[in-house]
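Residue-level structure breakdown
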Amino acid sequence: MTVFKQENVDDYYEIGEDLGSGQFAIVKKCTEKSSGMGYAAKFIKKRRSKSSRRGVSREDIEREVNILKEIQHPNIITLRDVYENKTDVILILELVSGGELFDFLAEKESLTEEEATEFLKQILNGVHYLHSKCIAHFDLKPENIMLLDKKSPKPRIKLIDFGLAHEIDFENEFKNIFGTPEFVAPEIVNYEPLGLEADLWSIGVITYILLSGASPFLGDSKQETLANVSAVNYEFDEEFFKNTSGLAKDFIRKLLVKDPKKRMTIQDSLQHPWIKPKDSQQALSRKASAVNMEKFKKFAARRKWKQSVRLISLCQRLSRSFLSRSNMSVARSEDTLDEEDSFVMKAIIHAINDDNVPGLQHLLGSLANYDINQPNKHGTPPLMIAAGCGNIQILNLLIQKGAKIDVQDKSGSNALYWAARHGHTATLKFLHQKECPLNIQDKDQETPLHCASWHGYYAVAKALCEADCSVHVKNKEGETPLLTAAARGYVDIVECLIEHNANVDEIDTDGHTALHLAVRRCQIEVVKYLLSQGCFIDVQDLHGNSALHVACKDGNVAIVMALCGANCNLDVTNKYGRTPLHLAANTGSLDVVRHLCLAGANVEAVSSDMLEICSKISQQSLVIDLFGTHPII
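All of these numbers come straight from a predicted model, not from anything done at the bench.

Some remarks on the overall build of the protein chain
- The helix and strand tally for the protein chain stands at 30 helices and nine strands.
- For the protein chain, the proportion of contacts with a sequence separation of at least 24, taken over those separated by at least 6, is 67%.
- Accessible area for the protein chain stands at about 29,900 Å²; split by element, carbon and sulfur atoms hold 48% of it.

Some words on the sheet that holds strand 2 (residues 25–32)
- Reading across from one edge, 1-2-3-5-4 is the order of the five strands in this open sheet, with antiparallel pairing throughout. At either end of the open sheet lies a strand with only one pairing partner, and these are strand 1 (13–21) and strand 4 (79–84). In this sheet, neighbouring strand axes are inclined to one another by 25° on average, regardless of whether the strands run parallel or antiparallel.
- When strand 3 (residues 38–45) meets strand 5 (residues 88–94), the two strands line up antiparallel, connected through seven bridges. When the sheet's bridge partners are listed, Lys42 is paired in strand 5 with Leu91.
- In this fold helix 1 (residues 58–70) packs onto strand 3, strand 4 and strand 5, with an angle of close to 20° to the strand it touches most, strand 5.

Quick notes on the packing of helix 22 (residues 491–499) against helix 24 (residues 524–532)
- Interhelical geometry of helix 22 versus helix 24 gives an angle of 25° and a closest axis separation of 9 Å. Taken together, the axes of helix 22 and helix 24 lie roughly parallel to each other. The interaxial crossing formed by helix 22 with helix 24 has right-handed handedness. When helix 22 is examined against helix 24, the residues Val491, Val494, Glu495 and Ile498 are found in contact with a partner set consisting of Glu525, Val526, Tyr529 and Leu530.
- Among the residues forming the contact of helix 22 with helix 24, the class breakdown is six nonpolar, no polar and two charged.

What to know about the nonpolar core
- Among the nonpolar cores identified, the biggest contains 93 residues, and Leu398, Leu431, Leu515, Leu530, Leu563 and Leu596 are the most heavily contacted of them.
- Element by element, the count of residues in this core is highest for helix 13 (residues 334–353), at seven residues.
- Discounting chain neighbours no more than four positions away, the residues touching Leu515 are Val527, Leu530, Leu531, Cys535, Phe536, Ile537, Ala547 and Leu563.

Examining the UniProt feature "repeat: ANK" (unreviewed entry) in the protein chain
- Using the residue numbers shown here, the UniProt feature "repeat: ANK" (unreviewed entry) corresponds to residues 378–410, 411–443, 444–476, 477–509, 510–542, 543–575 and 576–608.
- Here residues 411–443 runs as 48% helix and 0% strand, with 5 Å between its end C-alpha atoms.
- Segment residues 510–542 splits into 48% helix and 0% strand. End C-alpha atoms: 6 Å apart.

Describing unusual backbone geometry
- Positive phi values are uncommon outside glycine, yet Phe138 reaches one of about 65°.
- Phe138 sits in the buried class, given a relative accessible area of 5%.
- Phi at Asp468 is positive, roughly 70°, even though this residue is not glycine.
- Secondary-structure assignment places Asp468 in the loop between helix 20 (458–466) and helix 21 (481–488).
- Judged by relative accessible area, Asp468 falls into the exposed class, the value being 65%.

What about the packing of helix 14 (residues 357–366) against helix 16 (residues 392–400)?
- Contact geometry of helix 14 with helix 16 gives a least axis separation of 10 Å together with a crossing angle of 10°. Taken together, the axes of helix 14 and helix 16 are roughly parallel relative to one another. Of the residues in helix 16, those touching helix 14 at Val357, Leu360, Gln361 and Leu364 are Gln393, Ile394, Leu397 and Leu398.
- Of the residues belonging to the contact of helix 14 with helix 16, the class tally is six nonpolar, two polar and no charged.

Quick word on helix 22
- The set of residues buried in helix 22 consists of Ile493, Val494, Cys496, Leu497 and Ile498.
- As for helix 22, its buried residues are in contact with helix 19 (448–455), helix 20, helix 21 and helix 24.

Some words on the side chain of Ser289
- Mapping Ser289 onto the fold places it in the loop between helix 10 (280–288) and helix 11 (293–305).
- Separated by 2.7 Å, the side chain of Ser289 and the backbone oxygen of Ser285 make a polar contact.
- Here Ser289 is in contact with Thr112, Glu113, Asn243, Thr244 and Ser245, once residues within four sequence places are set aside.

A short note on the pairing of strand 1
- In this sheet, strand 2 lies alongside strand 1 in antiparallel orientation, the contact comprising six bridges. Counterpart to Glu14 in the pairing with strand 2 is Thr31.
- Adjacent in sequence and paired antiparallel, strand 1 and strand 2 are bridged by three residues.

Here we look at the packing of aromatic side chains
- The final tally for this structure, using the stated rule, is 16 aromatic pairs.
- Their ring planes at 90° and their centres at 6.2 Å tell us that Tyr13 and Tyr39 sit as a pair that is edge-to-face. You can see Tyr13 sitting in strand 1 and its partner Tyr39 sitting in strand 3, a full 26 residues away along the chain. Each member of the pair Tyr13 and Tyr39 is classed as buried.
- When the centroid spacing of 5.2 Å and the interplanar angle of 20° are considered together, the rings of Trp201 and Phe217 count as stacked. Of this pair, Trp201 sits in helix 5 (residues 197–212) while Phe217 sits in the loop between helix 5 and helix 6 (222–231), placing them 16 residues apart in sequence. For the residue pair Trp201 and Phe217, the accessibility class agrees, reading buried in each case.
- In this structure an aromatic cluster arises from ring pairing among Trp201, Tyr208, Phe217, Tyr234, Phe236 and Phe241.
- The residue whose ring lies beneath Lys295 is Phe240, and the NZ or CZ to ring-centre distance is 5.2 Å.
- It is Arg421 that lies over the ring of Trp418; its NZ or CZ is 4.8 Å from the centre.

The rules behind each value
- Residues numbered from 1 in each chain as written.
- Predicted model: local features only at pLDDT ≥ 70, side-chain atom pairs only at ≥ 80, totals over all residues.
- Heavy atoms only, no water.
- Helix = DSSP H or I, 4+ residues; strand = E, 2+ residues; numbered from the N terminus.
- Contact = heavy atoms within 4.5 Å.
- Areas by Shrake-Rupley, 256 points an atom, 1.4 Å probe, with all protein chains shown as cover.
- Pairing = 2+ DSSP bridges.
- Axes fitted to C-alpha atoms, helices over the stretch in contact; angles between N-to-C directions.
- Parallel < 35°, antiparallel > 145°, perpendicular 65-115°, else oblique.
- Left-handed = near helix turned anticlockwise from the far one by under 90°.
- Nonpolar A, V, L, I, M, F, W, Y, C, P; charged D, E, K, R; others polar.
- Core = buried A, V, L, I, M, F, W, Y, C linked by side-chain atoms within 4.5 Å.
- Buried < 20%, exposed > 50% of the residue type's maximum accessible area, 1.4 Å probe, protein only.
- UniProt positions renumbered as here; feature names shortened; annotations may be inferred.
- Polar contact = N/O pair within 3.5 Å; in protein donor to acceptor, adjacent residues only side chain to side chain.
- Phe/Tyr/Trp six-rings, centres within 6.5 Å; stacked < 30°, edge-to-face > 60°.
- Lys NZ or Arg CZ within 6 Å of the ring centre and 35° of its normal.

As structure tokens, then:
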């Protein structure tokens, strides 16, 4: 039996606030007295006897400790020390204070697949390390994927909670039924031999949720969820995956395979072209594809409230305790008031998220002197949350109870902006009728029309245009809604904005036009439409680059052909003296160089530079194409 330190942990560490808890464990923040360094103390309740069902067995605690002692990786939580008393084993762990990855991502307005894969790559690297040591985590899920410090420019992932982890002995068969139903592999459900492959299934589920905001196997009950897992019953619903790349779907498909032996390994996952693109087209597809943030935010909100008390019980508790106390004429501290207001706020938000109109009506009717305009801890008033959920009945109820139609959150957004952000056209029209300000600008100087253009909500953008929302307002980057929609590739919104007199040649602070941005993001349909509308094709940005320069640098043949077909200037130079032909040769884009030459680009004007560039990058085929000879070196 492993012996842990029997000293009193309080002699060495100052134990602080609770950080989290599980069935038989509680994690508290602690500070080492000798160094002042912060750590996390995990108090694991010991099982008193073999027959007891309360607490964790000695065997399971020792297994977790031994695994933690064995591992040391940047993406995995580290163990510092272990103490023991009569009731608990206390693990002193690295302090991971950045919160859950999913909560961090849910706060973002947008997320490209390229950005998402940077986080997934860290998860894969951590699992690769574990598997190299034949360790399976067996409990990979959003709650166990944390950030070391979310304020860091590049937050680091930390995998936590090794309570179910096992070292796999390939000579001895291991079976068990454990884990969270949503994330467990079919072999766990079917009580079949388990191995490292189970972690890859969980990564597939996590990736599916991250990209879509939907859980692939979640049913109305635990039994239905497990049946869906066993049958591998999932699909890529267009509602959730309309902006998802084919590579991302392929990555998920190769992980959500029932037969563990046919499932992608961790090594295969790290080499998959979605994680590690093999060429520029694969890399561009990740840049042009986006996470479904609207659905993902809703998933994150539902998950956060899943374990919370249902609204009806909140109302009952309020009726019995808070409401009776609120009528008492005794002085109460500000802390008590804050705590109660937080409790009421949670109940209100819960009702809004659940579209529970009767419950909210009952709750608000029971409250006296409650300010419905006060924001939650994130600075968001209930009216805005309701606008984001799109429930007009709840909005009406809140307005009747005193919610101000022009109230703003801490970022300067109003309810109409929130409705636009979440794609609720009917809600937006309702708020406009209630005289909610239309051209409000948030702290980034963006209007609701910018928001609709960013997220691709055509119906919302059309409604805003028809309500005379300005199409000319610029955000702090100098972008009009047209530039935003062009960069995101929403050709229908681009058409709508131009029909409502948006300036097709407007530039942002970097000198980019809508054409520049569409070319940069490889939005070929938008490029074609802008060209058909007679946009000025040869505008140069602050670096002197035209749209053709950008297309040639990216090696995008289709866009180069479209621009050449519209009679763009083939020989314009940027501020560094480089023509589009220079940039195409420098990136080794043979097809682009050939097309430029056929279109009439001036080869002689850049011949000496071109020869040097092509020779340096060993592109003899380009030199032969351009000059009809081998380079002389």
